[in-house]
Structure formats: structure tokens, C-alpha cells
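# A look at the structure
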Amino acid sequence: MSAASSLLSEEQFLCSICLDVFTDPVAIPCGHNFCKNCITQHWDISVQCQCPMCKEVFNTRPLLRVNTLISEMAAHCPDQRCAKPGEVPCDVCTGTKLKALKSCLVCLASYCETHLEPHQRMTGLKRHKLIDPVEDLEGRMCKKHDRPLELFCKTDQMCVCQFCTELDHKSHQIVPLKEECEGKKAELGKTEAEIQQKIQERRLKIQEIKHSVELSKEDADREIADSVQVFTALMQSVERGQAELIETIQEKQKTTEKQAEGFIKELEQEISELMKRTAEVEQLSRTEDHLHLLQSFPSLNTPPHTKDWTEVSVHRSSYEGTVRRAVAQLEETLRKEMETLSVDVELKGVQQYAVDVTLDPDTAHPKLTLSDDGKQVHHGDVEKNLPDNPERFSIYARVLGKQSFSSGRFYYEVQVKGKTWWGLGVARGSINRKGLITLSPKNGYWTVWLSNENGYKAFADPPVLLSLKSKPQKVGVFVDYEEGLVSFYDVDAAVLIYSFTGCSFTEKLYPFFGPSFYNGGKNSAPLIISPVNHTD
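Treat the numbers as computed from the prediction; the structure is a model and nothing was measured.

What follows covers the overall build of the chain. Tallying secondary structure elements over the chain gives nine helices and 21 strands in all. Relative to the globule expectation of 24 Å for 536 residues, the C-alpha radius of gyration of the chain, 51 Å, shows a markedly less compact shape. For the chain, the spread of C-alpha atoms along the three principal axes comes to 175 × 100 × 40 Å. Within the chain, counting contacts between residues at least 6 apart in sequence, those at least 24 apart form 57% of the total. If you sum the accessible surface of the chain, you get close to 33,500 Å²; carbon and sulfur atoms cover 53% of it.

What follows concerns unusual backbone geometry. The omega angle of the peptide bond from Asp-461 to Pro-462 is 0 degrees, so this bond is cis rather than trans. Relative to the helices and strands, Pro-462 resides in the loop between strand E15 (455-458) and strand E16 (464-466). For Asp-381, which is not a glycine, the phi torsion comes out positive at approximately 60 degrees. Turning to its location among the elements, Asp-381 is positioned in the loop between strand E10 (376-379) and strand E11 (399-400). With phi around 55 degrees, Asn-519 is a residue other than glycine that occupies positive phi space. Tracing the backbone shows Asn-519 in the loop between strand E20 (509-514) and strand E21 (527-530). For Asn-519, a relative accessible area of 26% puts it in the partly exposed group.

All right, on to the sheet that holds strand E6 (residues 151-153) then. Within the open sheet, the three strands sit side by side as E7-E6-E8. Their pairing is antiparallel. What marks the edges here is a single partner per strand, and that holds for strand E7 (158-160) and strand E8 (174-176). For this sheet the average axis-to-axis angle between neighbouring strands, irrespective of direction, equals 40 degrees. The sheet contact formed by E6 and E8 spans three bridges and is antiparallel. Pairing of Phe-152 across the sheet is with Val-175, part of E8. Packing of helix H7 (residues 177-285) onto the sheet brings it into contact with E6, E7 and E8, and relative to E8 it is tilted by some 85 degrees.

Calculation notes
Residues numbered from 1 in each chain as written. Predicted model: local features only at pLDDT ≥ 70, side-chain atom pairs only at ≥ 80, totals over all residues. Heavy atoms only, no water. Helix = DSSP H or I, 4+ residues; strand = E, 2+ residues; numbered from the N terminus. Rg over C-alpha atoms; globule rule 2.2 N^0.38 Å. Contact = heavy atoms within 4.5 Å. Areas by Shrake-Rupley, 256 points an atom, 1.4 Å probe, with all protein chains shown as cover. Buried < 20%, exposed > 50% of the residue type's maximum accessible area, 1.4 Å probe, protein only. Pairing = 2+ DSSP bridges. Axes fitted to C-alpha atoms, helices over the stretch in contact; angles between N-to-C directions.

Scope: geometric values only; no functional claims are made or implied.
In C-alpha cells, the structure reads:
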């Protein structure tokens, strides 16, 4: 086989697509040969199934089978191929340059398999130092002494030859290239580790960005669905208003038509009686029976009794202001529905950010009693002997949540049923917990309260009295840290109680709970952190 292959040129064992020695060579119907993967991939991306060499087009994709003869012949010359761009060519080859297998640091030349043979056979050449093929062999020689750069001067941080160490670099710290390379490889290992870490960090950042996009899409989809719900309800209200207006106008018209029909029926009846009397009078005036005429004259000479129609008329229905009143009523209905729907949609949106909140006993006033699960708190009217740690409220019956938040959005719900006095909201971690405390955003409190004396109040700057149509039984608290928003909701009525806007948060926020004082047992009901049941 080797004898046969030697009769063929090296180009005959090269695939014209990849320009490399055949791998699983196949012949197509036109007779040209290609690597199986090369021709398969070529046809996969081509519009037509044709030969890359002669351009012959095949109506059906040919079945490919490996040409074992060419495969065996190509296997005997795997390295004898032309040098591709970027590969080191043989310096001895004339004409077509074959790929070099080795470079000689003594000869300063690169050799293909054929021209490398003397270095493997001749004793003198065997002592030459061979390396993997490189292009710039002269760059590996000392320009001053024309000797191989085999050593490294750590003092001057440069590659040197043996002569350099005896002259210009005498008394310098000299090490073999291999030793210096080991140190540099260790440094490269550290560099690679740092690069890999940066790659990992960026991959994680990509995941983070993709996750943010996914969350944004979920928010967008939810907003679209909510907007469809709101506008569908509003359009239904408009359609109902239109239908009611049309019905009102039609009823008025029916009333007018019914009245007119009654008048017309009565008039037609009178006309019929008058026409009958006219016929009788005309007949009597033609009679020759004098006795009959005289006897009938008294009854026929007087016209029959009829209604005085002078003042009778059908009044056109007045529609003046009907549309205006209907539109005004519709506006009021839409306003109420928009308020209800928008808050309902808003509440559903913020409930998506529900978090698990528990009470922190280390912050609770000594008269407060917390449940074992940290979900309930009430005023026990008995002061417990507790350490007065810096976190604990000392005068007012208040407690904070264990969880803190310094970014993003969060939401939780608290049952206030049965209480006559309570306060809820969020507070900064650095708030004053000792002595007299003024509740306000500038002091780190964003809260809403109910008190017997003053009703509902938001402790803003200045405080705001709240007018609520219903008494909340469960209050939802929502915070958007970056947006600077704290909102309170009547969960059951789906009504916005109050919102603090334009807040500037710069530190951790904690859920705030104010069960307030015992009030002779009237305010003994607990504040209960409730699980969030998402509204439909």
C-alpha cells in the first residue's frame, strides 16, 4: 500500500473543503472525494445539493459511504501535507511547501518529515537540538553571539546565551529557561485563576441580568393582564351606561307613542260617529216623507257630543340634559370603579412581594407579650423583668420585626381586628428607642395609627388625619426601598389607606408594630402577622 501511495501526489489525499488529509473519505456520484463530515456540513447549509468542485447538482441527496481504499492510502501519509496559513512550512521544500514537523536550533531551519530524516539518521546531526516547529528561529538566537538563548537573567529579566553569562551578565542571577518558565507558569496559573474568576463573575452577572429581564417580563405580563381587566371592566360600565341611556330615551318615546295612539283612537271613533250622523242628516234631507222628517229633525239637527280637542296635543318628550346627566352619572360610576379596580390591581401586585416576618423579642417593651411563633403581640399590662438592652423600647409599647430590608420591595399583612388603638409601619434600625419618641419620617418612622381620640392618622411631616369609609380588620404594609415608597392597604376592602412617597432610605428598615397600651382591657386584642392570601 505504501508503494501505491508513493505513486500518488500528496494533494490527492487532501479534502478540497478542509484542505487537510482525508478523514472518512467518501466519493459522491460525480467522482470527487471529500471528508464525510465536510461534505455533510456543506450540504446542510447549502440551498442546493451540489458538488463543491464541479458544481454538479443532485436532485436527491446522495447516500454517503466511506471509501476504504482512499482512507487506507491517506492513513499512510498523515503528516505529509501542504502547510496551511499559520502553520510552519518546511524550509527545504521547493515548490509546494509541506508542513514542518520539527525546527532545528543549530541549523536554524524547519523540516518536513522527508527533509527531517538526515537529523534522525546522521550522527553529527542527531546532536542538534530539535523543537516543535516555530517560524522565528532567528529570534531564538542571541544576536550578539549567534548562540541559542538557553538561559534567563533574572537580574535583567531577559533571555541570554551561554556567552552572555560570561561577559555582559557576569555575576547576574542566571537560571535555565525551564526553571524560569516553571515560575512564570505558576504566575500564569494565578492569572488564569483570576481570569476564570472574572469569567465566572460575568457569567453570574449575565444570569442576574437575564433573571432581572425575566422578572421584568413577568411584571410586564402581569401589568398587561391587569390593565386588560381594568379597561374591560370600564368598557363594560360604559356599555351599561349607554344601554341604560338608550333604554330611558326609548321608554320616553314609547310613552309618547302610547299617548298619541290613545288620542288617535278616540279621534277616529268620533270621526266615525260624525260620519254616521252626516249620512243620517243627508238621508233625512232627501226624504219626501214630511211626517218622518219632522219627527226625526229634533234628534238629527243637534250634532253628536264630541270632545273639545282645541287644547289637546301630544307633547314631544324632552331629552334636554338627558345625555349630560347620564354622562355625569357614568363619570361618577367610572371614577368609583377605577378607584376600586386600580387599588385592587395594585394590591394584587404588591402581594407578590410578600415576605415572612416575625417579631424580635429583644426589641419588645417589657409589658408586651409575644407568641412562641413570633407572629402575635399584645399588651399584657404587667411589666416583665427583662434586660434593658439598647434594642429594647423602654417607654412605649412597641416592637420591631427580626427581618431587615435594605433593598428591593417587601410586603406583609397584620390583623388589627378587635383593637381600639394600634400602629403599624417601618422604622430605621438607628431609631431612638428610649425616652420620649416623636413619630415622623425625619426621626426614622413611617407609620399609620388608630387611636380612640383622633381616629386614623398617618404620622407624616406634619401628621395627616385619614378619613376611612370602613374600619380595617387587616392592614397590608408595602415598601419599595429604591422608589422611596411606603403604602398601607385595607386588605379586605382593597382600599389604599395612605402612602408615604419620595422617602429617602439609606439604612436597614425593620417592620414596626405598636400594640399600644392595655386601656383597661379594651385594647387587649393582639396584633397578628397573617399569611398573605393573594386576592383573585
